Amino acid sequence: MDVSLTERAYIKMKAASINNLKYLEDKPVIRVGTGTCGKAAGALRIREAFKDELTRKGIDAGVVEVGCMGHCYAEPLIIISKPGFPSLCYGKVDEVLVKRLVEDFLINNDPCYEFAMAALEPNDIFPTFRDFPRGVYEEKMILENCGFIDPEEIDFYIARDGYSALADVLNMEPGEVLGEVKASNLRGRGGAGFPAGIKWEVVRKAGNGMKYVICNGDEGDPGAFMDRNILESNPHQVIEGMIICAYAVGASLGYLYIRSEYSQAIRRVNNALRQAREKNLLGASILGSAFCFDLEVFSGAGAFVCGEGTALINSMEGGMGIPQHRPPELAVSGYLGEPTVLNNVKTFCYVPLIMRKGADWFKKTGTPGSPGTAVFTLAGKIAGPGLVEVPMGTTLRQLIFDVGEGIPRNKKFKAVQIGGPSGGCLPEQALDIPLDFDSLEEAGAMMGSGGLVVLDEDDCMVGMARFFLNFTQQESCGKCTFCRLGTKHMLEILKAITRGEGDMASLETLRELAEDVKTGSLCNLGKTAPNPVLTTLKYFRDEYEAHIKGKCCPSLKCPDLIAYFIEPDKCSKLCNICVGSCPVEAIYTRDNGLKAINRDKCVKCDNCLKACPPEYSAVIKVSPPGLVEEREREMK
Amino acid sequence: MNRKVVIIIDGQKITAREGEKLLWVALENKVYIPHLCAVKEQERPTAGCRLCFVEIEGTCNPVTACTQPVKAGMTVKTRTPAVDRLVRTAFELLLSEHRLNCGECPKNGSCELQKIARERGLKLNLHRLKPLSKKVIIDDSPRSFAFDAGRCVLCGRCVWADHRIAGVGAIGFSRRGIHRRITTFADRELAQSPCTECGLCVEACPVGALYFKKN
């Protein structure tokens, strides 16, 4: 069989990459996770400690910076691969452990199993990630290489078959490529789940003029960080996906729109683009074919609403980041009025995999309506927070209790906020719905970016609704009446309720406003902003009513509705710790030697409750605050 | 020229050019639909005031008439419970930010808000919402007119007149969200801006936020 020009170029390139990485063979390699998350936890210090220690001991070993594996709870993370041993992952590494690992493992062949988290390859000695509950459910497609390859060195990606899909695609008809993506039923991972193939087809059919491919990396949901992680850990996969998309639709220029707060992602993507250009994977006649395409980074100025397509385009064109009415859709009239494909970071990541392994392979995972995997960021009251990738159709219960290892400190699960400020709060009874685009929307939430915040019995649902609405209200661009004024009034009502100043009439107004803002707003920020309010009203109405009728916060969270009290029968005359912990001198000693709190002075900082030794646990919160007076009267 | 089609608005047969925006077709045929931000010449409507909702047979939620192109055989209703509810809420939301002192307002009697209230049987006061306090900032630096930001409903018609008809560019939108407002460059007084006092923005204002001084 004839080997095409592009394939020959690719084979040569891959051989060169493997050759470039030869220096890491036959010696120990230490991979340090230096995503922004790892760096924040001290990964750079650990990297330096390893380098110093290796030089001091005169050991020949490679230290490689990699992205993030998604085990946020255990940062800083490292992986040591030493010939003769399985690759081992160590979490919560500090300088002491670094010294120990170099001394015991690298020199004396004792891998310090007591500190290891898991092995990467199956072996007879130590369990792998697959042997833990999380590993059983997790199925890594787009995160497969994150945390294992050096994002700043293109050779790592190419050595793992990176850009091989592109080399194949360049020998196909663009229509065939589009056909494969359509057959895979890949749905956009930005939140709404619109089929990518259909979007691409509109752009492809839009004549032969200028077309653009844009990657939406304006991730802004509180609690979501998967796009940042992918851009930082494996930028080439996104780039390869975009080039394939450009080939399928006939675009010659593209942009990666990344918010400026993601400085490391921007730096790594720019670096990746430069390396791809050097290897002729971008630019004129890619891999020797007739196809020309180039990419640039556009750094967004930080408005949440710029993640909305029309606002994103407006801001790229130099206007205010403000949405416009649709239609026309971007696929018809996008950047500079030309047909534009705008897809999320994750959507593009699936493309090289689908082209390499086929649409049928992709459809084997997930549900028929939503094939593939879903990436979630687990946060909030969860024992194992982090970035996980599970097949679509996994239930929330599996995700929270098996993958995320449940709620810490034996607390009771209350709700899960899914999809960020546009999503909803789902209660216990919704835990068994399979996670995919359609079932979540039915339940009143949405996939959104995939942010997942777990709430336990200590979280107030009214406070939660207020938190998210406060976010959307501040991020509203102000163009349309419902979003600008509707969210403001809703927030004011919620604030009043959490202060104990709400009434049942205002609760009704809140519901009406929420419904009207949802139907009446111009863009999807406004249309989804009421979701946290609507879902909490639907599933946790009793909490709203407790705040209004009983002036009581059942979760003891809303500062205006609680008071601190020291239980005399638990308090000890021998202990003074709370007195010292109070920053406003609100705690005094009663005549009998026990402590009490002056409510007029108390600022509800929670210090005394934390300071009170567990053997007493005398400081409690009560709601409504009037209960304190009742207790005081009882005492007399 | 686009072909002519027949549509039905509130039971009335109306001939219109295909693709024309529904709002203007209705208004030209004496069917009133509330609207503040719409400018006929604008190719891409602002669709910001959210008042011109209508219901079209076959679509589940009300749509804005200013963005809806006319199609053959379209059946439109301007008054349904869903439409009335949205208009009522949008109207009350706008009023909650509008300094209500019609007695002293130069636009009293010709104000678009008053017209909407009259046409749709809405009250010119707030019953569900509390007024949002807005500082009274009146810029009366121009010789012939003044700008009272407390009455502004942010429809943007003045900006259109200033940019696209007068071609001056003295005013524009600034800030975001609840702080969005009409300002000159760097928040200077109008007299310090390139304003030529042509008066086109004042004529465009539907509510008396921009008004000519007496004499």
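Procedures and definitions
Residues numbered from 1 in each chain as written. Chains lettered and ligands numbered in written order. Predicted model: local features only at pLDDT ≥ 70, side-chain atom pairs only at ≥ 80, totals over all residues. Heavy atoms only, no water. Salt bridge = Lys/Arg side-chain N within 4 Å of Asp/Glu carboxyl O. Domains from an automatic or database assignment. Contact = heavy atoms within 4.5 Å. Buried area = accessible area lost by both parts, 1.4 Å probe. Helix = DSSP H or I, 4+ residues; strand = E, 2+ residues; numbered from the N terminus. Pairing = 2+ DSSP bridges. Disulfide = S-S within 2.5 Å. Buried < 20%, exposed > 50% of the residue type's maximum accessible area, 1.4 Å probe, protein only. Axes fitted to C-alpha atoms, helices over the stretch in contact; angles between N-to-C directions. Parallel < 35°, antiparallel > 145°, perpendicular 65-115°, else oblique. Nonpolar A, V, L, I, M, F, W, Y, C, P; charged D, E, K, R; others polar. Phe/Tyr/Trp six-rings, centres within 6.5 Å; stacked < 30°, edge-to-face > 60°. Left-handed = near helix turned anticlockwise from the far one by under 90°.

1. Focus: the pattern of salt bridges
Going through the model one piece at a time under the given rule, you end up with 54 salt bridges over all chains. Each member of the salt-bridge network shares a partner with another, and the members are Arg47, Glu48, Glu65, Glu152, Arg267 and Arg268 of chain A.

2. Some remarks on the domain arrangement of chain B
Residues and elements named next belong to chain B. Taken as a whole, chain B is organised into domain 1 (4–78) and domain 2 (134–215). Using only C-alpha atoms to locate each centre, domain 1 and domain 2 end up separated by 29 Å. If you look at the interface, domain 1 gives eight residues, while domain 2 gives seven residues. For the pair domain 1 and domain 2, the summed buried area comes to about 590 Å², and 66% of that belongs to carbon and sulfur atoms.

3. Describing the environment of glycine 73 of chain B
All names here are of chain B. By the element assignment, glycine 73 lies in the loop between strand 4 (63–64) and strand 5 (75–77). Along the chain, glycine 73 and lysine 13 lie 60 residues apart, while their C-alpha atoms are 9.8 Å from each other. What glycine 73 contacts, discounting residues up to four positions off in sequence, is Val6 and Ile7.

4. A short note on the sheet that holds strand 3 (residues 53–56) of chain B
All names here are of chain B. Ordered in space as 2-1-5-3-4, the five strands form an open sheet in which the pairing is mixed. In this open sheet, the two strands that pair with only one neighbour each are strand 2 (12–17) and strand 4. Relative to strand 2, strand 1 (residues 4–9) runs antiparallel, the two being bridged by six bridges. Counterpart to isoleucine 8 in the pairing with strand 2 is lysine 13.

5. Remarks on the state of the cysteines
Residue and element names in this part refer to chain A. Using the criterion set out here, one finds zero disulfides over all chains in the structure. Of all cysteine sulfurs, the one in cysteine 37 lies closest to cysteine 68, which takes part in no disulfide; the gap is 3.6 Å. This cysteine, cysteine 460, is not joined by any disulfide, and cysteine 558 carries the nearest cysteine sulfur, 3.7 Å off. We classify cysteine 460 as buried; its relative accessible area is 5%.

6. Side note on the packing of helix 11 (residues 235–249) of chain A against helix 14 (residues 345–357) of chain A
Residues and elements named next belong to chain A. At a minimum axis separation of 7 Å, helix 11 and helix 14 run at an interaxial angle of 75 degrees. One element, helix 11, and the other, helix 14, form an angle in the roughly perpendicular class. In this structure, helix 11 uses Gln237, Val238, Glu240, Gly241, Met242, Ile244 and Cys245 to contact helix 14, whose residues at the interface are Val345, Phe348, Cys349, Val351, Pro352, Leu353 and Met355. Residues that form the contact of helix 11 with helix 14 fall into these classes: eleven nonpolar, two polar and one charged.

7. Digging into the domain arrangement of chain A
Residues and elements named next belong to chain A. Annotation of chain A at the domain level lists domain 1 (22–128), domain 2 (162–363), domain 3 (373–459), domain 4 (462–549) and domain 5 (562–635). The C-alpha-based centres of domain 2 and domain 4 are spaced at 34 Å. Both sides of the domain 2 and domain 4 interface together cover about 870 Å² of buried area, and 80% of this is carbon and sulfur. The largest per-residue losses of area from domain 2 upon contact with domain 4 belong to Pro222, Phe304 and Pro323, which jointly make up 50% of the total buried on that side. Linking domain 2 with domain 4 are zero salt bridges.

8. Notes on the packing of aromatic side chains
Residue and element names in this part refer to chain A. Summed over the entire model, instances satisfying the criterion amount to 14 aromatic pairs over all chains. Both rings, one in tyrosine 257 and one in phenylalanine 298, keep their centres 5.4 Å apart while their planes meet at 20 degrees; by these two values the pair is stacked. With a gap of 41 residues between them, tyrosine 257 in strand 7 (residues 253–259) and phenylalanine 298 in strand 8 (residues 294–300) connect regions that are remote in the sequence. Ring centres of phenylalanine 304 and phenylalanine 471 lie 4.9 Å apart, and the angle between their planes is 75 degrees; this geometry places the pair in the edge-to-face category. In this pair, phenylalanine 304 sits in the loop between strand 8 and helix 13 (309–316) while phenylalanine 471 sits in helix 18 (residues 461–475), placing the two residues 167 residues apart along the sequence. Take phenylalanine 304 and phenylalanine 471: they sit in the same class, and that class is buried.

9. Things to note about unusual backbone geometry
Of note, the bond from glutamate 75 of chain A into proline 76 of chain A is cis; its omega dihedral lies within 30 degrees of zero at -10 degrees. Mapped onto the elements of the fold, proline 76 of chain A is located in the loop between strand 2 (62–66) and strand 3 (78–81). Cis rather than trans, the peptide bond between proline 327 of chain A and proline 328 of chain A has omega equal to 5 degrees. By the element assignment, proline 328 of chain A lies in the loop between helix 13 and strand 9 (340–344). Even without being glycine, aspartate 161 of chain A reaches a positive phi, approximately 70 degrees. Here aspartate 161 of chain A lies in the loop between helix 6 (154–159) and helix 7 (164–169). Although it is not a glycine, aspartate 10 of chain B sits at a positive phi angle of roughly 50 degrees. Along the polypeptide, aspartate 10 of chain B turns up in the loop between strand 1 and strand 2. Its relative accessible area of 40% is what places aspartate 10 of chain B among the partly exposed residues.

10. A look at the packing of helix 11 of chain A against helix 12 (residues 263–278) of chain A
Residues and elements named next belong to chain A. Here helix 11 crosses helix 12 at 60 degrees, and the two axes come no closer than 9 Å. Between helix 11 and helix 12, the interaxial angle falls into the category oblique. Considering only the axes of helix 11 and helix 12, their crossing is right-handed. Contacts from Pro235, His236 and Ile239 of helix 11 reach helix 12 at Arg268, Val269, Ala272, Leu273 and Gln275.

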